Amino acid sequence: MLKRVVIIGAGPSGVLLAHYLLRRDADYYVEVYERRSDPRTLPFSQSRTFPIALNERGIKALSKLDGMLADVKAVSLEGIGSLIHLENGKTLLFPRRKPLLFLNRTQLVITLLKTLTAQYSSDRLNIHFDHQCKGVDFETKTVSLEKTAGNCTVEVNVDYDLLIGADGARSRVREQFLSTNDFELEQRYTPSAYKSIFLPSESGTSLKSGYIHNWRASNGMLAVLVHDINGLLVGVVNFPRKDNTIANLSTKEEVLQFFCYYFPEIAQLLPESEAEAFLNRPISNVLRIRCNPYHHGESVLLIGDAAHATSHSLGQGCNASFEDVAFFDELLDEYSDNIAEAIAQFTLRRKPDAHALVELSDYTFPLSNKLLFFESFIRKRTAEFLHQRFPKYFSPSLLQLLVETTIPYSKILNSHKGWISKVKQANEKFLQTQK
Ligand SMILES: Cc1cc2nc3c(=O)[nH]c(=O)nc-3n(C[C@H](O)[C@H](O)[C@H](O)COP(=O)(O)OP(=O)(O)OC[C@H]3O[C@@H](n4cnc5c(N)ncnc54)[C@H](O)[C@@H]3O)c2cc1C
């Protein structure tokens, strides 16, 4: 029997899931509803984007779809390491054994959308942009949406057999779970907020491409820049949420002074036009979500950030969301497309890893520079050195386990409990001193 699947959110996880479901068999009919406009038709400057590094986990999920990894690689740059730029102008290099894929979120979504619409026609797939989910009636299995066209908004209702909440950290579908019994939700802002930054390709030639460039200021601010395939430097400036320095900038001259003071190397690359654009760009706060269960009844499932949004410090959110999709596909195989069974098993079997990911994202990196430089990096280098020479006796470093393997997050957390609880305590102390 035809299964009508409604996916809310055309972000990385929603669009990848559409691919996976449609390739299963002709029994799936998929409709995707996205509140924003079609990114394929918007100028890049209007898209709210940031760099994404895809690691082993995301790459594995993409490689299960014919040609998909090659399509994503075609718009990505190979990431071969990280460079920490120190205040004295020197750099610390952390090479990678397995390259990452660097691209920005908009490029990733556009690639997934293009390949999807090229493969499936409207008898199996329909994607509706400018449609915002407003609510869900779990009893009647109906989603209500608001469709925007110019100045007009129209209410639209759609029925589903399976509803997927892939609508990100502020999920409207998840909100509906709050009206059900036994739903647990823990949500809070991460200690850091961020602003995106874009430097034209000609500015960034002094920085090596293929590396994640990091600059840390002593007050907890962190700037990250990555080249994209066109040479553009895309990045973010992260800062403690309670620090108003960035919010208080009011002219482009103040922006330039800010960079001269905290990130002088970036100031040298920053054109006035970008200083102006940086000023006008909104500050984004990051939600951290832990919830349980991920499904409701026999027909609703949360995936990706809607289920487990985390801080982006580890660069795992999108990778973990892609893992969700591939895992759900495996469950559909295991339960012969019995949706009720597959979604219940998803909660049961994915939850320990998703909860562990949230913990790891918060506490792998210390906020204090002292603990980061004098212990975290030394531990990392020592573990990598020992593992390279005696792989039978020494495990890879924590970061290698996270980005170079697909070992479940819960296992990784279990084997690094001591470090995680040390960082947790140190971060709590650090945040006290910031108040
Ligand atoms: C600065 C930054 C850097 C990051 N770097 C990395 C990285 O290097 N590696 C990595 O793996 N992850 C990274 N992440 C995390 C990654 O971006 C997310 O985990 C990933 O985008 C999650 O995908 P998603 O599809 O689940 O959610 P989202 O990307 O949030 O997409 C959700 C979609 O749903 C739509 N939507 C929301 N509400 C509604 C509604 N009511 N109705 C209809 N549509 C709706 C949204 O418009 C959006 O398109 C980073 C995040 C940030 C902020």
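Residues numbered from 1 in each chain as written. Predicted model: local features only at pLDDT ≥ 70, side-chain atom pairs only at ≥ 80, totals over all residues. Heavy atoms only, no water.

**Student:** Lay out the overall build of the protein in plain terms, naming residues and giving numbers.
**Tutor:** Within the protein, the secondary structure is distributed over 15 helices and 17 strands. Dimensions along the principal axes, computed over C-alpha positions, put the protein at roughly 65 × 55 × 45 Å. Taking all 435 residues of the protein together, the buried fraction comes to 55%. The contacts in the protein between residues at least 6 apart in sequence include a share of 71% that link residues at least 24 apart. For the protein, the accessible area works out to roughly 19800 Å², and carbon and sulfur atoms hold 50% of it. Charge centroids of the protein, computed over 50 positive and 49 negative side chains, lie 8 Å from each other. (Helix = DSSP H or I, 4+ residues; strand = E, 2+ residues; numbered from the N terminus. Buried < 20%, exposed > 50% of the residue type's maximum accessible area, 1.4 Å probe, protein only. Contact = heavy atoms within 4.5 Å. Areas by Shrake-Rupley, 256 points an atom, 1.4 Å probe, with all protein chains shown as cover. Lys, Arg positive; Asp, Glu negative; His and termini not counted. Charge placed at Lys NZ, Arg CZ, Asp CG, Glu CD.)

**Student:** Run through the sheet that holds strand E12 (residues 211–216), naming residues and quoting values.
**Tutor:** Pairing is mixed across the open sheet formed by 8 strands, whose spatial order is E3-E5-E4-E12-E13-E14-E11-E15. At either margin of the open sheet sits one strand with a lone partner, and together these are strand E3 (51–54) and strand E15 (284–292). Averaged over all pairs of adjacent strands, the angle between their axes in this sheet comes to 35 degrees, without regard to strand direction. Bridge analysis of strand E4 (residues 77–85) against strand E5 (residues 91–104) gives 8 bridges, and the strand direction is antiparallel. In the sheet register, Ser 82 faces E5, and the bridge partner there is Phe 94. (Pairing = 2+ DSSP bridges. Axes fitted to C-alpha atoms, helices over the stretch in contact; angles between N-to-C directions.)

**Student:** Quick one: what's the story with the pairing of strand E10 (residues 162–165), residue by residue and with numbers?
**Tutor:** Neither face of E10 is left uncovered, since the one carrying Leu 162 and Ile 164 and the one carrying Leu 163 and Gly 165 both have all their residues buried. Direction of pairing for strand E1 (residues 3–8) relative to E10: parallel, over a ladder of 4 bridges. What sits directly across from Val 5, in E10, is Leu 162. Pairing of E10 with strand E17 (residues 300–302), which is carried by 3 bridges, proceeds in the parallel orientation. Across the sheet, the residue bridging to Ile 164 is Leu 301, located in E17.

**Student:** Would you mind going over a positive patch on the surface in detail, with residue names and values included?
**Tutor:** Together, Arg 35, Arg 36, Arg 48 and Arg 170 line one region of the surface with positive charge. Mapped onto the elements, Arg 48 comes out in the loop between strand E2 (28–33) and E3. (Patch = residues over 30% accessible without salt bridge, like charges linked within 9 Å, V, L, I, M, F, W, Y side chains within 5 Å. Salt bridge = Lys/Arg side-chain N within 4 Å of Asp/Glu carboxyl O.)

**Student:** Talk me through the packing of helix H10 (residues 317–334) against helix H11 (residues 339–363); I want residue IDs and the actual numbers.
**Tutor:** Relative orientation of the contacting elements H10 and H11 amounts to 145 degrees, with a least axis distance of 9 Å. Our pair here, H10 against H11, has a crossing hand that is right-handed. Here Ala 320, Glu 323, Asp 324, Phe 327, Phe 328, Leu 331, Leu 332 and Glu 334 of H10 lie close against H11, whose contacting residues are Ile 339, Ala 342, Ile 343, Gln 345, Phe 346, Arg 349, Arg 350 and Leu 357. Each residue belonging to the contact of H10 with H11 can be placed in one class, and the counts come to 10 nonpolar, 1 polar and 5 charged. (Left-handed = near helix turned anticlockwise from the far one by under 90°. Nonpolar A, V, L, I, M, F, W, Y, C, P; charged D, E, K, R; others polar.)

**Student:** Describe the site of the ligand, listing the residues and the values that go with them.
**Tutor:** Neighbouring the ligand are 32 residues, the closest being Ser 13, Glu 34, Ala 53, Asp 305 and Cys 318. Within the backbone of Gly 317, one N or O atom sits 3.4 Å away from an oxygen atom of the ligand. Starting from 1000 Å² of accessible surface for the ligand in isolation, the protein chains cover 90%. For the shell around the ligand, the secondary structure elements donating two or more residues are helix H1 (12–24), E3, strand E7 (131–137) and H10. In terms of residue count, the dominant contributor to the shell around the ligand is H10 (4 residues). Looking at the shell around the ligand residue by residue, the class counts come to 12 nonpolar, 13 polar and 7 charged. (Near = heavy atom within 4 Å. Polar contact = N/O pair within 3.5 Å; in protein donor to acceptor, adjacent residues only side chain to side chain.)

**Student:** Lay out the nonpolar core with the relevant residues and their values.
**Tutor:** Of all hydrophobic cores here, the largest spans 75 residues; its most connected members are Leu 54, Val 143 and Phe 328. Per element, the largest residue contribution to this core is 8 residues, and it comes from H10. With sequence-adjacent residues up to four places away left out, Phe 328 is seen in contact with Leu 17, Leu 21, Leu 162, Leu 301, Ala 342, Ile 343 and Phe 346. Core analysis: the second largest hydrophobic core is formed by 25 residues, Leu 199, Phe 239, Leu 269 and Leu 279 among them. (Core = buried A, V, L, I, M, F, W, Y, C linked by side-chain atoms within 4.5 Å.)

Interpretation note: all reported values are geometric properties and have no functional meaning in isolation.
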